[in-house]
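# An overview of the molecular structure
Next come the chains, spelled out residue by residue.
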Amino acid sequence: MNKLDMLTVHRQSKLREALSRMDQGATGLLLLVDAGGRFERTVTDGDLRRLLLNGATLEDTLESMSAMSSHVIDEGATRREALDLMNQHGINHLPVIGKHGQVVSILDRKEIDAQILLSTPHMGDTERLYVEEAFRTNWIAPLGPNVDAFERELAQMVGVRHAAALSSGTAALHLGLRLLGVGPGDKVFCSTLTFAASANPIAYQGAEPVFIDSDHESWNMSPQALQRAFEAARREGWMPKAVVIVCLYGQSADMDPLMALCNEYGVPVLEDAAESLGATYKGKASGTFGRLGAYSFNGNKIITTSGGGMLVSDEPDLIAKARFLSTQARDPAPHYQHSEIGFNYRMSNILAGVGRGQLDVLRSRVEARRQVFQAYRDALMDLDCITWMPEPEWSYSTHWLTACTIDPRGGVDRQTLMKHLAAELIEARPLWKPMHLQPVFQGCRYFAHDSDSVSDQLFEQGLCLPSGSNMPAGDIERIVTVVRRFLR
Ligand SMILES: *Cc1c(COP(=O)(O)O)cnc(C)c1O
């Protein structure tokens, strides 16, 4: 007997039978159904008890049970609607009623209130050991053996000489600009399609961002747009002080032509690899192409220290200076003496312990994210209205987030699809809103790819799907089912 049959009783059913089914069903709920199989009302433990108190015996039927309208939900309702109804009435089970009035299933709060998040922290086995070591030795400070080791281990992993562990990726970018001499009145080229943290540090330094569009091949900075920006600057008699090249969603930008342009014009590059740790460009680690590179270990990144960042470079002087500036720029004197304005940007030894454990599992996290991307693509391959973020032949992407665009000719636009996903408790997000469209950067200059702005179009149609390396197997299936319901 399936669960529904087990919970179903009729007016002619005996009270004994109803009690026994209630006992076996374990949901505290029976479904009273009429002779035609249509749902009539729910029956609770209390309802049966009241019949007994009113003098019914175990051999009596449910005939005398009053008619009542129960809380039910229509087939096709969303999880959100079902949960709202449960919350409103303080109940944990809800019969789902089909077209002909029959019960098609019972929703159990425990089974439907699980939200699928975009990207959540995924700890390995060793983080705790490094952190315990920090406690055991009382290294609870923004310096210590975990900090030193984390820097060494990350530098070795990405193949760069030096690294400074910092309190955030934003701090790494800020110090990076400062080390490149960016100051008030300077201009800095910066990818437009990115998170605000790529551009904000330019403003911290009193400089002005000039935004550069994406290309179609990688969705990252367009070499063609960068070239036009450099040509315009030269024509007008100025040069940017630095170029911030961002590597989005786990994929490197097309570094060879971008670096060639920056070298030609003699402008240093700060690579924002906050989203691309573990990715490579022609076999070389993303984040290691510019004079400086920045990684982030924020909570939603591919590996996390809950909050943290790393600035990397092959130049020892730059990284030594970063460490100096990140610890309040204290001169080497016995008293507290300062000749420069410093910051409190160093990473704590506890969080560096988490970072060391996370580095141990980075490879497997990259593999898992790539598999998530592949699973979506395989399952939705036949839907022409979805374009997956391309992975050029020179790229090894981590697919930190599975990104795609939704062509509205497939039935619904990105915005509507996101709403449908949210109603099923699935967190999806649009692609980053380009910086040249942000109110806060209104009036900043912008160089588009060509007569069309690629980033505008990506923003309009772009969507990131849940991509955690720790998503249970059934989650992708659940998401794919919802996407399929609305797209063709
Ligand atoms: C997350 C992120 C940052 C900022 O890193 P935090 O560690 O959160 O400060 C910078 N740039 C990009 C592209 C990011 O995604």
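This text goes with the structure placed above it.
Definitions and cut-offs
Residues numbered from 1 in each chain as written. Predicted model: local features only at pLDDT ≥ 70, side-chain atom pairs only at ≥ 80, totals over all residues. Heavy atoms only, no water. Buried < 20%, exposed > 50% of the residue type's maximum accessible area, 1.4 Å probe, protein only. Helix = DSSP H or I, 4+ residues; strand = E, 2+ residues; numbered from the N terminus. Pairing = 2+ DSSP bridges. Right-handed = clockwise from strand over helix to strand, strands pointing away. Salt bridge = Lys/Arg side-chain N within 4 Å of Asp/Glu carboxyl O. Arc of directions from axis to C-beta. Contact = heavy atoms within 4.5 Å. Near = heavy atom within 4 Å. Polar contact = N/O pair within 3.5 Å; in protein donor to acceptor, adjacent residues only side chain to side chain. Areas by Shrake-Rupley, 256 points an atom, 1.4 Å probe, with all protein chains shown as cover. Axes fitted to C-alpha atoms, helices over the stretch in contact; angles between N-to-C directions. Parallel < 35°, antiparallel > 145°, perpendicular 65-115°, else oblique. Left-handed = near helix turned anticlockwise from the far one by under 90°. Nonpolar A, V, L, I, M, F, W, Y, C, P; charged D, E, K, R; others polar.

## Here we look at the pairing of strand 2 (residues 29-33)
Of all five residues in strand 2, five are buried; the element is thus mostly enclosed. The alternating pattern of strand 2 places Leu29, Leu31 and Val33 on one face and Leu30 and Leu32 on the opposite face, and all of these are buried. In terms of strand pairing, strand 1 (residues 8-9) meets strand 2 through two bridges, oriented parallel. Note on strand 2: the bridge partner recorded for Thr8 is Leu31. On the question of chirality, the crossover connecting strand 1 to the parallel strand 2 by way of helix 2 (residues 15-25) is right-handed. One ladder, built from five bridges, connects strand 2 with strand 3 (residues 39-44); its direction is antiparallel. Bridge assignment links Leu29 to a residue of strand 3, and that residue is Thr44. The loop that links strand 2 with its antiparallel partner strand 3 comprises five residues; one of these, Gly37, has a positive phi angle of about 85°.

## Observations concerning unusual backbone geometry
A positive phi angle is found at Asn138, which is not glycine, with a value near 60°. Relative to the helices and strands, Asn138 is located in the loop between helix 6 (127-136) and helix 7 (145-158). One non-glycine residue with positive phi stands out, namely Ser306, at about 75°. By the secondary structure assignment, Ser306 is in the loop between strand 14 (292-296) and strand 15 (309-313).

## Some words on the pattern of salt bridges
One pass over the full model with this rule turns up 23 salt bridges. Salt-bridge contacts for Asp34 lead to Arg38; the nearest nitrogen and oxygen are separated by 3.5 Å. For Arg38, a relative accessible area of 43% gives the class partly exposed. Between Asp84 and Arg80 there is a salt bridge; the shortest N-O distance is 3.5 Å. Linking Asp84 with Arg80, this pair stays in helix 4 (residues 79-89), spanning four residues, or about one helical turn. According to the relative accessible area criterion, Asp84 is partly exposed, its value standing at 37%. Put simply, Arg41, Asp47 and Arg50 are held in one network by salt bridges that share partners.

## As for helix 6
Within helix 6, burial applies to Glu127, Tyr130, Val131 and Ala134. Seen end-on, helix 6 carries its buried residues on one side only, within an arc spanning 95°. Summarising the geometry of helix 6, the exposed residues directed more than 90 degrees from the buried face are Arg128, Leu129 and Arg136. Against helix 7 and helix 13 (349-360) lie the buried residues of helix 6.

## With respect to the sheet that holds strand 6 (residues 103-108)
Here three strands make up an open sheet; going across it, the order is 4-5-6 and the pairing mixed. In this open sheet, the two strands that pair with only one neighbour each are strand 4 (73-74) and strand 6. Pairing of strand 5 (residues 93-97) with strand 6, which is carried by five bridges, proceeds in the antiparallel orientation. Bridged to His93 within strand 6 is Asp108.

## Here's the deal with the site of the ligand
Around the ligand, the surrounding shell holds 16 residues, and the nearest of these are Thr170, Glu275, Ser296, Asn298 and Lys301. For the ligand, an oxygen atom lies 2.5 Å from a polar atom in the side chain of Thr170. Contacts to the ligand include Ser296, whose side-chain N or O atom sits 2.7 Å from an oxygen atom. Starting from 380 Å² of accessible surface for the ligand in isolation, the protein chains cover 95%.

## Side note on the packing of helix 6 against helix 13
Put simply, helix 6 and helix 13 touch, their axes get as near as 7 Å, and they point 155° apart. Here helix 6 lies roughly antiparallel to helix 13, going by the angle between them. In the packing of helix 6 onto helix 13, the handedness of the crossing is right-handed. Contacts between helix 6 and helix 13 involve Glu127, Tyr130, Val131, Ala134 and Phe135 from the former and Asn349, Ile350, Gly353, Val354, Arg356, Gly357, Gln358 and Asp360 from the latter. Here the contact of helix 6 with helix 13 is built from residues that sort into six nonpolar, four polar and three charged.

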